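Here is what each chain is made of, one letter per residue.
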Amino acid sequence: MTEAVLKSELLSKARLRLWLKLLKSVNGIEAELRRRLRDEHGTTLPRFDVMSALARFPDGLKMSELSSFLKVSNGNVTGIVDKLTTEGLAERVAVPGDRRAQVARLTQKGRESFTELAAHHETWIDELLDGWSPADIDALSARLDTVLNRHNPEEDGNA
C-alpha cells in the first residue's frame, strides 16, 4: 500500500470519527433541549420549532410552506398548529383571493409565549456551549458552512 493511499484511508477514518462526534454532540444537545422544554414548559421541541417558524413570518405561512420550511410532513405541522390554535397561541386566517387557502400565524398570546420560550432556549444553548471562545465558534461555524454549502447550495448556512 502506498503512503498516499494510507494517508487517504487515515483521513477517511478521521472524518468518520469526526462525523460520529458531531452526531453524538447534536443528539445530546437536542435531548437536553427536549427534556428542558418538557420539564420546564410542558412543551415539545417540534411545537417550539413550529412556533419559531411562525414567529419568523408574522403574516403567516400556508401549511405547505410551514412544512417545507421545517422540512417535515404537512401532517406533522397540522396537528401542532391545531393544538396551538385550540390554546389560543395561533390562528388560521383565510388568504384573500383564495377561498381554500389559509395561513397559520401566532396570536399576540402566542408571540408572548414564544418570546419567553425563545429566551430560555437561547440561555440553554449558551449554557450547553459554555467554554467555546468566539474564535472557536467562528472557526467551527465557517467549517460547517463549507459542509452545508457543499450539500445544500440553496441554503446560506446562516441559520
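Residues numbered from 1 in each chain as written. Predicted model: local features only at pLDDT ≥ 70, side-chain atom pairs only at ≥ 80, totals over all residues. Heavy atoms only, no water.

(A) Structural view of the pattern of salt bridges. In the structure shown here, the tally under the stated rule is 10 salt bridges. A salt bridge links Lys-7 to Glu-3; the nearest nitrogen and oxygen atoms lie 3.2 Å apart. Residue Lys-7 and its partner Glu-3 are both found in helix H1 (residues 3-41); the two are separated by 4 residues, about one turn of the helix. Note on accessibility: Lys-7 and Glu-3 belong to one class, exposed. With a shortest N-O distance of 2.8 Å, Arg-36 and Glu-127 are connected by a salt bridge. Of this pair, Arg-36 sits in helix H1 while Glu-127 sits in helix H5 (residues 108-128), and the two are 91 residues apart along the sequence. Taking the relative accessible area as the measure of exposure, Arg-36 reaches 12% and is therefore buried. Given a relative accessible area of 45%, Glu-127 falls into the partly exposed group. (Salt bridge = Lys/Arg side-chain N within 4 Å of Asp/Glu carboxyl O. Helix = DSSP H or I, 4+ residues; strand = E, 2+ residues; numbered from the N terminus. Buried < 20%, exposed > 50% of the residue type's maximum accessible area, 1.4 Å probe, protein only.)

(B) Quick peek at the environment of Val-72. Along the chain, Val-72 falls in the loop between helix H3 (63-70) and helix H4 (74-86). Separated by 34 residues in sequence, Val-72 and Arg-38 place their C-alpha atoms 21 Å apart. Once residues lying within four places of it in the same chain are set aside, the contact partners of Val-72 are Ser-67 and Val-77. (Contact = heavy atoms within 4.5 Å.)

By themselves these figures say nothing about function.
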